Amino acid sequence: MSWSYLRRGESGPVLVCLHGVGGNASAFEPQLRGLRGELQLWSLDLPGYGQSTPLEPMDWEQMVLGLMQFFDQHNLYQVHLLGHSFGGMLAQEFAACHPNYLASLILYSTSSAFGSNDGDFQQRFISARLKPLDEGASMKQLAANLIDPLLAPNSAAEVRQMAVACMEKVPASTYRQSIKCISTFDCRHNLPHLTMPTLLLAGKHDTVASAPMMQRLANKIAASTMHVLDASGHLANLEEADQFNQYVGGFIAQQNQD
């Protein structure tokens, strides 16, 4: 299993970033630029994204295994692991299975479980998300419609352009697999067992992983800290990149002082 990545920074603690369903490694470009002076940053393409090998079927067990193999291949240990949305789900699964690899966990606009365990609800969710593709639309045609609801009302035009450009590059087959994978996710039972320092970040205007929902997640993790970014939706690392970087950089610096 081969995962592609972007890397910036030559010294300091290691921060590994996992993107969301509509992203890729370049979705963390503001962090790769802004934090490269103090951290070693690795932004990964999840399976099927960028040049990373697809997984068919895509499932959490195989993604956790692939991430562990990536860490072993690159001798990455005591990592600060940051996951956004779909990537945040993978980060939770990995933290539960392999806590010895992590110095800390950073969960950003994500959830501890899919909305319902009801099989009919899952199928309706999958059908609704995939219907445009089933009807012949391309990811490029869908990108703007998928991104616009994720942004805060006053997000900058360049933020939207960057997010749409990422979404356009997602292969339709990978998007399909990711949506189906999300519908099976449930890590709630693992949250009380996460003992590493954990930072949670939420956008005030996020309607996908709302701040109150993120707070409930934080309440179940003992060593957790949470911040809300007031001018952000679901894409705070782009919408408020400087503030996002301050929270992440400050949190990691604190762990190295303790």
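A brief report on the enclosed structure follows. (Residues numbered from 1 in each chain as written. Predicted model: local features only at pLDDT ≥ 70, side-chain atom pairs only at ≥ 80, totals over all residues. Heavy atoms only, no water.)

Description of the nonpolar core
Leu-15, Val-16, Phe-71 and Leu-81 are the most contacted members of the largest nonpolar core, which has 84 residues in total. The biggest single contributor to this core is helix α2 (residues 60–73), with seven residues. Apart from residues no more than four positions distant in its own chain, Leu-81 is found in contact with Val-16, Leu-18, Leu-67, Phe-71, Ala-91, Phe-94, Leu-102, Ser-104, Leu-105 and Ile-106. (Core = buried A, V, L, I, M, F, W, Y, C linked by side-chain atoms within 4.5 Å. Buried < 20%, exposed > 50% of the residue type's maximum accessible area, 1.4 Å probe, protein only. Helix = DSSP H or I, 4+ residues; strand = E, 2+ residues; numbered from the N terminus. Contact = heavy atoms within 4.5 Å.)

Quick look at the environment of Tyr-77
Locating Tyr-77 in the fold gives a position in the loop between α2 and β4 (79–84). Each C-alpha atom of the pair Tyr-77 and Val-14 lies 8.3 Å from the other, and the pair is 63 residues apart in sequence. When neighbours within four sequence positions are excluded, Tyr-77 is seen to be in contact with Phe-71, Asp-72 and Tyr-101. A polar side-chain atom of Tyr-77 sits 3.0 Å from a polar atom in the side chain of Asp-72. (Polar contact = N/O pair within 3.5 Å; in protein donor to acceptor, adjacent residues only side chain to side chain.)

Concerning the sheet that holds strand β6 (residues 198–203)
Spatially, seven strands are ordered β1-β3-β2-β4-β5-β6-β7 in an open sheet, and the strand pairing comes out mixed. The outermost strands of the open sheet, each flanked by one partner alone, are β1 (5–8) and β7 (224–229). In this sheet, neighbouring strand axes are inclined to one another by 15 degrees on average, regardless of whether the strands run parallel or antiparallel. The pairing of strand β2 (residues 14–18) with strand β3 (residues 40–44) spans five bridges and is classified as parallel. Bridging across to β3, Val-14 finds its partner in Gln-40. In the packing of helix α8 (residues 211–219) onto the sheet, the strands contacted are β5 (102–108), β6 and β7, and the crossing angle to β6 comes to about 170 degrees. (Pairing = 2+ DSSP bridges. Axes fitted to C-alpha atoms, helices over the stretch in contact; angles between N-to-C directions.)

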